Amino acid sequence: MSRTVAKSSPADGARQPIAPQPPAHAIDPAASHVTPSMAQFLEIKAANADCVLWYRMGDFYELFFNDAVVVAEALSITLTKRGKHLGEDIPMCGVPVVRADEYLQRLVRKGFRVAVCEQLEDPAEARKRGGKSIVRRDVVRLVTPGTLTEEALLDAKVRNYLTALYRLEAGTEETAAPYALASLDISTGEFEVGEIAAGDLPGELVRLGPGEVLATDVTIAAEGVRGFIVQAGASVTPVAGASFDSLAGDRLLKAQLGVTDLAGFGSFSRAELAAIGALLKYVELTQLGKRPMLRAPKKTGASAIMVIDAATRTSLELLRSTSGEKATSLFGAIDRTVTGPGARELAGRLGSPLRDLGIISGRLDSVGYLVDQDALRDDLRDSLRRAPDLARAMSRLAFQRGGPRDLAAVRDALAAARKCAQLLTAKARDIGLPRDLNEIAKRLTPEGLELHRRLGEALVDEPPPFRRDGGFVRAGFSADLDMARRLREDSRQVMAVLEAKYVEQTGVKTLKVRHNNILGYFIEVTANTSKPLLSAPHADTFKHRQTMVSAVRFTTDELVEIEGRISTAGERAIGLEQDVFNQLAEAIAKSEATLGSLAAALAEIDCTQGLAEIAREQTYVRPTLGESTVFAIEGGRHPVVEQALKAERKGPFIDNDCVLGRSAPKKKRGNGFDEAASGRLWLVTGPNMAGKSTFLRQNALITVLAQMGAFVPARSAEIGLVDRLFSRVGAADDLARGRSTFMVEMVETAGILNQATERSLVILDEIGRGTATFDGLAIAWATVEYLNASAKCRTLFATHYHEITALAGKLPDVSNVTIDVKEWQDSIVFLHKVKAGAADRSYGIQVAKLAGLPGPVIARASEVLRLLESSDSKTASAAALDDLPLFAASRPKGSVPALSVKPSPLDEALAKINPDDLTPKAALDALYRLKALVKSAPG
């Protein structure tokens, strides 16, 4: 039988469901003439038909039939065969057990569901039942994209949500919120539930970023839902409609939380409980009844957090850049956490800016406190670096997949938490802690928890990775274990002591205790010294076993007993260590709620100190937030671009002010802003490359940072709470859904205009540029009027349609600002400074020249532009262009092809005139001819 040889594999693609598959091979579980092992496989596969079955055989997980074909292709491993079934070869492939996590990760990322079938007994036990008996096997877990717990399969800085999506039926009293979502990260116990409107579903799915979404076929078939799930990077798992049972959800949630009433956790709608029911049933199914760790559910939804749609999240690059990288995203720019849980907490806050002023203020108080405490912050960072991922270690232990290092992770996390609490309380004695930090300090040192001491006494400093190998219990913790280890490890010394005892007892100096693989342990003396052992009084103690030419061998009851103890000492030591492991894991499980709160506190303090660290490092300031609609940013900067410029040593970032709304401070500003330039809607003009998009985005990012409870890159910031944030900056087509770039632009713009409120912030760039000039201008013009008159939201509207700037003099609350540039030697210099006023042109040709377009193209474009700008109408423009000289090929022999411009009739007439040869009358005639040519020329 051939084993798998792994080949070089291509990079994993996006998640995709296991279907479609190649045509399935014929399988008949009832077929005769199958081996006992294959019969067992067929029985287990039939019970897990919707999964790829990893069938443990010794040191390999084997796959057969269609599973083998699909997985061999997905993993780029060798497909072979083993035996026949119904007259056909059985396809087979396999992966070594020692590399199982690596291959499992790649399969799950592609959307596969895997049933892991393990050997439940030692092969030796099976042989005792008879020659044809096979090892007992069964599925121990179902692995799906949303149910991962192994450290190797997870990103330490990213949550892995399993989300149940429930669509409310039409006609119910809850149709205002037609979708309910329940999301659980079973690797940490983080749990959130909420309802959202249908229009907000794409953005909510992107915010959650689930690994797997559960929904009924009806929900999946609803308009766009499958596409929204795939866009969020999740795998789709259809489940039966009966799984979405609100009564079952209520019962299961109470059982998981250990309560008889859910009132203490808030109110849950029928739809939310239905989603919870489907979620918890699925976890129970995939984990084969093992209970997950579950934190108290967190309520989310449009009323609790700032709503950010999917397109805006992509445009602003909050957690990942458009290329998929974290480093160049906002998260990458501000992440100064030192632990995985802290980074997950930061990502969660960044993706879910708040609308509750009290919670935001509490977070800002904590960040502000640590900004001013450099020594405390450094000490906290040093302590947190020693804190393992407590939540994920606890989850693995709860699912019985943990190892000694997970026990040690709990021990070390408790130590780190205690140290952090000591640092905070020591500083609190001087000036007192803010409310949130004081609460965190209390959660880091729970009363009556003796677990840390017990784990410290039981575990060695650096435990091995696997519990099956033993060696993780500290010497001196268990007397029985110490004795078993001595027998196992010090058998020579034990036998030496016994040998000395027998020499003294018999007086035979040549007596030796020896060992071989046939007799085991025995006593050996030379033939001529054996008489004392064969006669009284020692004959009753020393029993003759074997006589040889030069030696005689004996045994004793004591030797037999010690030999038995030595032979089982290894197994006994391992068994005793397993008992210690189980006892410690049980103690951890009993403290699950307390430890869960402590794990969350560690994540929160790491996130808070990280935000304080970036604020100190980059000179961020505390924003002022309120219930008004003011938006006043002084000296705002783009956090990502600013750090990129510093890293590349390209000079400082040019900061800019942004004042939207009549309630903004009415003071003169250095860039010319005053109350007249603080309208609710700013029309931003200026050339490409001048920084319009950067300016738009930086104000949106400052808003996100402020409402997540972070300091912001500015000299000052006053922001009225934003309920919805919209960004349409940059465009791309959606060929898969049959949408052009312009169609995507219009769909996104429609979403903004239909959902924006007076409390929203909208940033729009180049609306209408994807269609004909006058069509685009008309759409952009009407959009500005609608935003000003109907939506009345705070808006930054960047455009190259300079005609629109006339609206600033006609509509209230509309102001013009432009990005300043300087012209120098037929070129432009970008100053990246926003000032009051409107640009009179876009400098597109100058930008094209900077980009390296050929000189003839630039010259031709300049001439075309002059003619177009001098034309009064579309018809006049066309007529002028009719007479415009076109490019002509001018290619001297042996030269590189070049472009030249054909001279105009006026140029040709001038070229024929030689002033020195003209009489006064001829000169006057020539002048009249030139004048006539000028009159006949277009424009």
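Residues numbered from 1 in each chain as written. Predicted model: local features only at pLDDT ≥ 70, side-chain atom pairs only at ≥ 80, totals over all residues. Heavy atoms only, no water.

Hey, could you run me through the nonpolar core in this one?
Most often, soluble globular proteins keep nonpolar side chains buried together rather than apart. Counting residues in hydrophobic clusters, the biggest one holds 111 residues, and the most contacted among them are I334, V410, L444, L451 and W682. Per-element tally for this core: the top contributor is helix 23 (residues 592-618), with 11 residues. Ignoring anything within four residues of it in the chain, the contact list for L451 reads V410, L414, A587, I588 and L595. By size, the runner-up hydrophobic cluster in this structure holds 30 residues, among which are L168, L214, I276 and Y282. (Core = buried A, V, L, I, M, F, W, Y, C linked by side-chain atoms within 4.5 Å. Buried < 20%, exposed > 50% of the residue type's maximum accessible area, 1.4 Å probe, protein only. Helix = DSSP H or I, 4+ residues; strand = E, 2+ residues; numbered from the N terminus. Contact = heavy atoms within 4.5 Å.)

Any chance you could explain the pairing of strand 9 (residues 190-196) here in plain terms?
If a strand is regular, its side chains alternate between the two faces of the sheet. Buried residues dominate strand 9, accounting for six of its seven residues. Strand direction decides the pairing type here: strand 8 (residues 179-185) and strand 9, joined by seven bridges, are antiparallel. Each bridged residue has a counterpart across the sheet, and for D185 the counterpart in strand 9 is E190. The antiparallel pairing of strand 8 with strand 9 creates a hairpin that spans four residues between the two strands, and G189 there sits at a positive phi of about 85 degrees. (Pairing = 2+ DSSP bridges.)

Explain the packing of helix 13 (residues 357-371) against helix 23 here, please?
In helix packing, the relevant descriptors are the interaxial angle and the interaxial distance, both defined with respect to the helix axes. Interaxial distance between helix 13 and helix 23 falls to 8 Å at its minimum, and their mutual angle equals 60 degrees. Of the possible angle classes, the one that applies to helix 13 and helix 23 is oblique. Crossing handedness for the pair helix 13 and helix 23: right-handed. Residues S366, V367, L370 and V371 of helix 13 touch helix 23, and the partners they reach there are I605, T608, Q609, L611, A612, A615 and R616. (Axes fitted to C-alpha atoms, helices over the stretch in contact; angles between N-to-C directions. Parallel < 35°, antiparallel > 145°, perpendicular 65-115°, else oblique. Left-handed = near helix turned anticlockwise from the far one by under 90°.)

So what exactly am I meant to see when it comes to the packing of helix 14 (residues 374-384) against helix 23 here?
For the pair helix 14 and helix 23, interaxial distance at closest approach is 10 Å and the crossing angle is 135 degrees. Taken as axis vectors, helix 14 and helix 23 run oblique relative to one another. By crossing handedness, the relation of helix 14 to helix 23 is classed as left-handed. Every residue of helix 23 that contacts helix 14 at D374, R377, L380, R381 and L384 is listed here: L602, I605, D606, Q609, A612, E613 and R616. Per-class residue counts for the contact of helix 14 with helix 23 are five nonpolar, one polar and six charged. (Nonpolar A, V, L, I, M, F, W, Y, C, P; charged D, E, K, R; others polar.)

I tried to follow the pattern of salt bridges on my own but got confused; where do I start?
Working definition: two side chains of opposite charge can pair if their charged atoms are close together. As enumerated under the stated definition, the model contains 50 salt bridges in all. Put simply, E192 and R159 hold a salt bridge, and the shortest N to O gap is 3.7 Å. Taken as a pair, E192 in strand 9 and R159 in the loop between strand 6 (137-143) and strand 7 (162-167) lie far apart in primary sequence, 33 residues in all. By the burial criterion, E192 is buried, and R159 matches it. Put simply, E617 and R336 hold a salt bridge, and the shortest N to O gap is 2.9 Å. Within this pair, whereas E617 is found in helix 23, its partner R336 is found in the loop between helix 11 (330-334) and helix 12 (340-351), the two being separated by 281 residues in sequence. By relative accessible area, R336 is classed as buried at 16%. When salt bridges with common partners are traced through the structure, they connect R159, E190, E192, E204, R207 and K298 into a single cluster. (Salt bridge = Lys/Arg side-chain N within 4 Å of Asp/Glu carboxyl O.)

Got a minute to help me understand unusual backbone geometry in this structure?
Residues other than glycine predominantly adopt negative phi, and peptide bonds predominantly adopt the trans conformation. At the junction of A536 and P537, the peptide bond is cis and its omega measures out at 5 degrees in the coordinates. Of note in the backbone geometry, K792 takes a positive phi value of approximately 55 degrees without being a glycine.

Just to check I follow, could you spell out the sheet that holds strand 9 for this structure?
As a general point, the strands of a sheet are linked pairwise by backbone hydrogen bonds and lie either parallel or antiparallel. Pairing within the open sheet is mixed, and its six strands lie in the order 11-10-7-8-9-12. Every other strand in the sheet has two partners, leaving strand 11 (235-238) and strand 12 (298-301) as the edge strands with one partner each. On average, adjacent strands in this sheet sit at an angle of 20 degrees to one another, irrespective of strand direction. Helix 5 (residues 201-208) rests against strand 7, strand 8, strand 9, strand 10 (212-215) and strand 12 of the sheet, and its axis sits at about 5 degrees to strand 8.

Would you explain the packing of aromatic side chains in this entry?
Each aromatic ring pair is described using two quantities: the centre-to-centre distance and the angle formed by the ring planes. The final tally for this structure, using the stated rule, is nine aromatic pairs. Where F41 meets F65, the ring centres are 6.2 Å apart and the plane angle is 25 degrees; that geometry is what we call stacked. Placement of F41 in helix 1 (residues 36-47) and of F65 in helix 2 (residues 65-75) is noted, with a sequence separation of 24 residues between them. With respect to burial, F41 and F65 carry one shared label: buried. On the basis of an interplanar angle of 15 degrees and a centroid distance of 6.4 Å, the ring pair of W682 and F695 is categorised as stacked. Of this pair, W682 sits in strand 21 (residues 681-685) while F695 sits in helix 25 (residues 692-708), and the two are 13 residues apart along the sequence. Here W682 falls in the buried class, since its relative accessible area comes to 0%. A connected cluster of aromatic rings, assembled from ring pairs, spans F41, Y55, F64 and F65. Taking NZ or CZ as reference, R56 lies 5.7 Å from the ring centre of Y61, over its face. Cation over ring: R468 sits above F466, and NZ or CZ is 4.3 Å from the ring centre. (Phe/Tyr/Trp six-rings, centres within 6.5 Å; stacked < 30°, edge-to-face > 60°. Lys NZ or Arg CZ within 6 Å of the ring centre and 35° of its normal.)

What exactly am I supposed to notice about the environment of V508 here?
Mapped onto the secondary structure, V508 falls in the loop between helix 20 (491-506) and strand 14 (512-516). The sequence separation of V508 and P532 amounts to 24 residues, and the corresponding C-alpha distance is 7.8 Å.

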